[in-house]
Amino acid sequence: MKRHLLLPILAISLTTSIQAAEFRAAVGKTDITPPLGYELWGYAAREKGAVAVLDPLYARALVLDDGTIRLALVTLDLGRTFGPAAMDRLRNRVRTSAGVQQVYFLASHTHSGPVIEDSYADNKLPPWESEALNKIGAAIEQAVQRMAPCRIGTGQGQTYIGYNRRTVQLDGSPKMLWRNPTKLLTSPVDPTVGVIRVDDMSGKPVAILVHYSCHAVVFGADNLRYSADFPGVMAKTVEDAFDNAPICFFLQGAPGDINPYFATTRLEEDADRMMKETGEQLGKEAVRVARSVSTKAPAKPSLKHALDVMNFPIRWDMEKTSAIAQAMPRSRSSERYLKSFSDPVSCPVMTLLINDEIALAGMPGEPFVEFAIDFRSRSPAKNSFLVGYANGYSAYFPTIRDAVIGGYGADSLTTRVEVGAGEAMVNHAIVSLYKMLGLLKPVPSR
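Rules and cut-offs
Residues numbered from 1 in each chain as written. Predicted model: local features only at pLDDT ≥ 70, side-chain atom pairs only at ≥ 80, totals over all residues. Heavy atoms only, no water. Helix = DSSP H or I, 4+ residues; strand = E, 2+ residues; numbered from the N terminus. Expected span 1.5 Å × (residues − 1). Buried < 20%, exposed > 50% of the residue type's maximum accessible area, 1.4 Å probe, protein only. Salt bridge = Lys/Arg side-chain N within 4 Å of Asp/Glu carboxyl O. Axes fitted to C-alpha atoms, helices over the stretch in contact; angles between N-to-C directions. Parallel < 35°, antiparallel > 145°, perpendicular 65-115°, else oblique. Left-handed = near helix turned anticlockwise from the far one by under 90°. Contact = heavy atoms within 4.5 Å. Nonpolar A, V, L, I, M, F, W, Y, C, P; charged D, E, K, R; others polar. Phe/Tyr/Trp six-rings, centres within 6.5 Å; stacked < 30°, edge-to-face > 60°. Pairing = 2+ DSSP bridges. pLDDT = per-residue confidence, 0-100.

A.B. asks: Residues and numbers for helix H9 (residues 421–436), please.
C.D. replies: Compared with the 22 Å implied by 1.5 Å per residue over 16 residues, the 22 Å span of H9 between its first and last C-alpha is a close match. What H9 keeps buried is the set Ala-421, Gly-422, Ala-424, Met-425, Val-426, His-428, Ala-429, Ile-430, Ser-432, Leu-433 and Met-436. Backbone geometry just downstream of H9 places Gly-438 in the positive-phi region, at approximately 75 degrees.

Here you go:
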């Protein structure tokens, strides 16, 4: 089998207008909280669906335009993004209705949102999904009507709200540390708080994007309420700190092995307070950084982007894996597990370069934190952010080293793709950025 086959589903836009165009932006926000009763994402131990709403689940849309390219970033207070066909239908809608050439979907990975599957029987979406996608489409279309010239800038800070839940013992074997309320030091972690601030031309923030790597799992399996978990509190903390109430977007980084200190806190142990304090701590640092950011209107605005599918062999023997899965107690969770295995595994890799200075790379699942650190250090762009749970979901992406050591998310059946797939996706994004910057050129013809 040919490995790492690249199937471009959107050509990279490498050209911009010769004449300097205006860099424009607009935002939208819509409540996508489902009705009660839907099964919740992330914990197999739950035996019933949502019984209440603690805080709303939102979709937030940022539309950017460089005078030639128009695209949208949509962040979701969900455990994962929608299925491929559902996302493509929305992309087709706004391409026709609003001239938006591409929509990138990024999920926060809250474990207190509804279950989402890649596909459903008879290709029929659950009613809440259809309604949510319609709302998101409308939010993008309405934002396009409000497009206005803007300024943009970035900043960086630090805070520690989480730890690496995989520890390596003296004999080299892995041990999972599922909770860490005493804040025991572990590594690697990435305390970096990255901020992208988009202002109107008067200097008032319109959008504040906050990047951080940490599982959104302060709540555990006993929580049966819809909640955005700590990213929701973080976003509200940021929005409330500015008089004109900009929209705050959470860009989930690479938290495949990172938990919040107070992970899976039981409700009887005051989980609501722990979740709120975690979100506020991240939010306060994001506010501090956002206030320090200096924004400017780019002299030569440009949006260069790609969404390439990389096909990887499945990691496990299909027959043995199927036999193990078939032996599981029958449940909706095990049925989804069986459906998730395919060979090859298709992974859409997002690369976005804003004004040749700000880079986002997206992986469709749960990358381990070292990938975020590695991408930031090797990217040719001045400000670089790796995001997980982007444009699809293919489970965990451990580093090669972690796959060898083992443990949950590293050698368990929660991984699907072959060892080395995470490194290959990061490398592909970095190569794409070099090409977008004109630093890697095609071989000249004779």
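A.B. asks: Which residues make up the pattern of salt bridges, and what values do they have?
C.D. replies: Enumeration according to the criterion identifies 22 salt bridges in this entry. Across the salt bridge formed by Lys-236 and Asp-240, the nearest N and O atoms sit 2.6 Å from each other. Of this pair, Lys-236 and Asp-240 both sit in helix H3 (residues 230–240), four residues apart, which is roughly one turn of that helix. Classification of Asp-240 as exposed rests on a relative accessible area of 53%. One salt bridge in this structure joins Arg-401 and Asp-402, with 4.0 Å as the shortest N-O distance. Judged by relative accessible area, Asp-402 falls into the buried class, the value being 4%. One network of salt bridges, in which partners are shared, links Arg-24, Asp-65 and Arg-70.

A.B. asks: I'd like a rundown of the packing of helix H1 (residues 84–98) against helix H2 (residues 127–145), residues and numbers included.
C.D. replies: Direction vectors running N to C along H1 and H2 enclose 30 degrees, while the axes themselves pass 10 Å from each other. By the angle between their directions, the pair H1 and H2 is classed as roughly parallel. Crossing of H1 against H2: the hand is right-handed. Across the interface between the two elements, Ala-86, Leu-90, Arg-93, Val-94, Ser-97 and Ala-98 from H1 touch Leu-133, Asn-134, Ile-136, Gly-137, Ala-138, Ile-140, Glu-141 and Val-144 from H2. Per-class residue counts for the contact of H1 with H2 are nine nonpolar, three polar and two charged.

A.B. asks: Please give an account of unusual backbone geometry that cites residues and values.
C.D. replies: A cis amide bond links Ser-187 to the next residue, Pro-188, at an omega of -5 degrees. Along the chain, Pro-188 turns up in the loop between strand S10 (174–176) and strand S11 (192–200). In this structure, Lys-183 takes a positive phi of about 60 degrees despite not being glycine. Following the sequence through the fold, Lys-183 ends up in the loop between S10 and S11. Lys-183 gets classed as partly exposed once you look at its relative accessible area, which sits at 40%.

A.B. asks: Give a description of the packing of aromatic side chains that names residues and reports values.
C.D. replies: Applying the stated rule across the entire model yields eight aromatic pairs. Note on Trp-41 and Tyr-393: the rings are 5.3 Å apart at their centroids and 85 degrees apart in plane angle, and the pair reads as edge-to-face. Highlighted residues: Trp-41 in the loop between strand S2 (24–31) and strand S3 (52–53) and Tyr-393 in the loop between strand S20 (383–387) and strand S21 (396–397), separated in sequence by 352 residues. The two residues Trp-41 and Tyr-393 agree in class, both being buried. Residues Phe-230 and Phe-250 carry aromatic rings whose centres are separated by 6.2 Å and whose planes lie at 75 degrees to one another, so their mutual orientation is edge-to-face.

A.B. asks: Describe the sheet that holds strand S14 (residues 247–252), and please don't skip the residues or the numbers.
C.D. replies: Across the sheet, eight strands lie side by side as S6-S5-S4-S2-S7-S11-S12-S14; this open sheet has mixed pairing. The open sheet has two free edges, formed respectively by strand S6 (102–107) and S14, since each of these has just one partner strand. Taken pair by pair, the neighbouring strands of this sheet meet at an average axis angle of 25 degrees, ignoring direction. As paired strands, strand S7 (residues 148–158) and S11 are joined by nine bridges and run antiparallel to one another. The partner of Gln-156 across the bridge, within S11, is Gly-194. Each of strand S5 (70–76) and S6 is contacted by H1, which is oriented at about 140 degrees to S6, the strand it contacts most. Where helix H4 (residues 271–292) meets the sheet, its contacts fall on S7, S11, strand S12 (205–212) and S14, and the angle it forms with S11 comes to roughly 50 degrees.

A.B. asks: Outline the confidence of the model for the protein chain, listing residues and values.
C.D. replies: Reading predicted coordinates in detail is not appropriate for stretches of low pLDDT. Looking at the protein chain as a whole, the pLDDT averages 92, with 90% of positions reaching at least 70. Every residue in residues 7–19 scores below 50 in pLDDT, and together they form 28 contacts with partners more than four places removed in sequence or on other chains.

A.B. asks: Hey, could you go over the side chain of Arg-80 for me, with residue numbers and the actual values?
C.D. replies: Examined against the element boundaries, Arg-80 turns out to sit in the loop between S5 and H1. Discounting chain neighbours no more than four positions away, the residues touching Arg-80 are Trp-41, Ala-107, Ile-116, Glu-117, Asp-118 and Tyr-393.

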